[in-house]
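Chain by chain, the residues:
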Amino acid sequence: MKYKESELIINEDGSIFHLHVKPEQLADKVILVGDPGRVSLVASHFECQECDIESREFHTITGTFQGKRITVISTGIGCDNIDIVLNEIDALANIDFRTRDDHPLQRQLEIVRIGTCGGLQPDTPEGTFICSETSIGFDGLLNFYQGRNAICDLPLERALIAHLGWTGNTCIAHPYAVDADRELVERIAGEDMVRGITVACGGFFGPQGRELRLPLADPHQNEKIENFEYHGRRITNFEMESSALAGLARLMGHRATTVCMVIANRRAGRANTGYKGKIDDLIQLVLQRI
C-alpha cells in the first residue's frame, strides 16, 4: 500500500512530521515519558547517545544502556499525543520512507511508558509503583480504529458501564478496556510493583473527579470507580495515557505496558509533589528490565 503525502507527512530532511525522527534513529526498545525534561533524566543512564532531537513537546534521545539500544521519547500529556507518537514510531519502524510502502518484514517494538498517577485504593499510597495489566480508556480514542472489539475486553466494558450508570448515556465516550502485553508485564513489574486496572482519563480535573469552580456531572463517579470489582480485580489508579498506548500497540502488533508512580492517593486526599527523586528509581528499574 502506497501512503499519500497527506497521510504520511515526511519532512524535507527525511524525518517524520511531528517527532522529527528518522527511521534509522528509532530503536526496537522504546521508553515513553510525558515530561520532555524527563527524557534527559532517562538518557543520563545511557553509556552513549546517538541522537538528541527536540520538536514541540516531543523530545527524543536514542542511546545504549548495558548493551541495549533504547529510544526514549516524551509524549506530553494525554491520549491524543499518544495517538501521534504511536502512529509515527510505527511508521518509522514499518514503512519505507523512500517508496511509501510497507516494509516486507515488520518490526515489533517493545514499548514501556513511565509516568505518574493517582492511586485509588488503600494499598496504593504515594510512592507505590503500579504496572497496568489492563487499561480502560475514558477518552474514546480507540473507538476510531477498526478492530477495537477484537482486542478489547468487552464483558469488562459492559460491567463497568452498568456499574457507573452510563447505559444509554450518549454524552459519554464508550470506554474501552485493553490488556497490556502479558510477558512484558511479568518482566517489568517483577515482584515489587502492584499490578492492576488503570483508568486513562481525558482530562486532569473533571474527568478524574476533581472539583474546583466547576461542579461535576456525577459527584459520586470516583466513589463508584473505587468500588468497582471485576473477577476479584479492582481499579488501582488514574492516569491519562495508558489505554491509548495499550490499544494502539495491540492493533499495530507491538508489545506495550505502562508503569507509574503514585504521587497522589485520591481516596486518602493526599499528594506528594516532591516525588522527582524517587521517579529515577522507577526509571532505573525499567532500564534494567526492558
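Residues numbered from 1 in each chain as written. Predicted model: local features only at pLDDT ≥ 70, side-chain atom pairs only at ≥ 80, totals over all residues. Heavy atoms only, no water.

## Re empty space enclosed by the protein
The line we're drawing: Whether a set of points on the 1 Å grid over the protein atoms alone is a cavity depends on a 1.4 Å probe fitting there but being unable to get out, while an open set qualifies as a pocket with protein on both sides within 12 Å along at least five of seven lines; lining residues are those with an atom within 4 Å of a point. Grid points are joined across faces, edges and corners, and a volume is the space filled by probe spheres set on the points. Secondary structure counts use DSSP, requiring at least four H or I residues in a row for a helix and at least two E residues in a row for a strand, with both numbered from the N terminus. Under the scheme applied, nonpolar residues are Ala, Val, Leu, Ile, Met, Phe, Trp, Tyr, Cys and Pro; charged residues are Asp, Glu, Lys and Arg; polar residues are all the others, including Gly.
Evaluation of the coordinates by the stated rule reveals one cavity of 30 Å³ or more. As a volume, the largest cavity reaches approximately 30 Å³. As for the largest cavity, its lining consists of Ser132, Ser135, Ala180, Ser242, Leu245, Ala246, Thr257 and Thr258. Of all the elements in the fold, those that place two or more residues in the lining of the largest cavity are strand 8 (129-137), helix 7 (242-252) and strand 13 (255-265). Of all the elements, helix 7 adds the most residues to the lining of the largest cavity, at three residues. The residue inventory of the lining of the largest cavity, partitioned by class, reads three nonpolar, five polar and no charged.

## Considering the nonpolar core
Stated precisely, the cut-off is as follows: We define the nonpolar core as a collection of buried residues of types Ala, Val, Leu, Ile, Met, Phe, Trp, Tyr and Cys that are connected through side-chain atoms lying within 4.5 Å of one another. Exposure classes here rest on a 1.4 Å probe applied to the protein chains alone. A residue is buried below 20% of its type maximum, exposed above 50%, and partly exposed in between. Every residue pair with non-hydrogen atoms within 4.5 Å of one another is taken to be in contact.
One finds Leu19, Leu32, Leu86, Ile89, Ile111 and Tyr176 to be the most contacted residues of the largest nonpolar core, which totals 36 residues. Residue assignment for this core shows that the elements contributing at least two residues are strand 1 (29-33), strand 2 (48-55), helix 2 (79-94), strand 9 (176-179) and helix 7. Those residues in contact with Ile89 that lie beyond four places of it in its chain are Leu19, Leu26, Val30, Ile73, Leu109 and Ile111. Core analysis: the next-biggest nonpolar cluster, separate from the first, contains 29 residues, Ile31, Val39, Ile61 and Phe65 among them.

## Things to note about the side chain of Thr60
Tracing the backbone through its elements, the reader meets Thr60 in strand 3 (residues 58-65). Residues contacting Thr60, with those up to four places away along its chain left out, are Val21, Cys51, Asp52, Ile53, Thr71, Val72 and Ile73.

## Remarks on the packing of aromatic side chains
Quick reminder of the rule: Two rings belonging to Phe, Tyr or Trp (six-membered ring only in the last case) form a pair when the distance between their centres is within 6.5 Å. Interplanar angles under 30 degrees mark stacking, angles over 60 mark edge-to-face geometry, and anything in between is tilted. Comment: the charge-over-ring label is applied if NZ (Lys) or CZ (Arg) is within 6 Å of the ring centre and within 35 degrees of the ring normal.
Applying the stated criterion to the full structure yields three aromatic pairs. Each ring, one from Phe204 and one from Phe205, has its centre 5.0 Å from the other, and the planes form 80°; the classification is edge-to-face. On the accessibility criterion, Phe204 (41% relative accessible area) is partly exposed. Over the ring of Phe204 we find Arg210, and its NZ or CZ is 3.8 Å from the ring centre. A cation sits over an aromatic face here: Lys278 above Phe129, 5.4 Å from the ring centre.

## A look at the pattern of salt bridges
Applicable threshold: Salt-bridge detection follows one rule: a side-chain nitrogen of Lys or Arg within 4 Å of a carboxyl oxygen of Asp or Glu.
Scanning the entire structure with this criterion turns up 18 salt bridges. For the salt bridge of Arg148 with Glu157, the shortest nitrogen-to-oxygen distance reads 3.1 Å. For Asp181, the salt bridge is made with Arg255, and the minimal N-O distance between the two is 3.1 Å. You can see Asp181 sitting in the loop between strand 9 and helix 5 (182-189) and its partner Arg255 sitting in strand 13, a full 74 residues away along the chain.

## Focus: the pairing of strand 12 (residues 233-239)
Basically, it comes down to this: In this scheme, strands are said to pair when DSSP sees at least two bridges between them.
Of all seven residues in strand 12, five are buried, a share of seventy percent or more. One ladder, built from two bridges, connects strand 7 (residues 110-119) with strand 12; its direction is antiparallel. In the strand pairing of strand 12, Gly119 is matched with Asn237. Judged from the four bridges that link them, strand 10 (residues 194-200) and strand 12 form a sheet pairing that is parallel. Paired with Val199 across the bridge in strand 12 is Phe238. In sequence, strand 11 (residues 229-230) turns back onto strand 12 through a hairpin of two residues, with His231 there showing a positive phi of about 55°.

Such coordinate-based values are descriptive only and should not be taken to indicate function.
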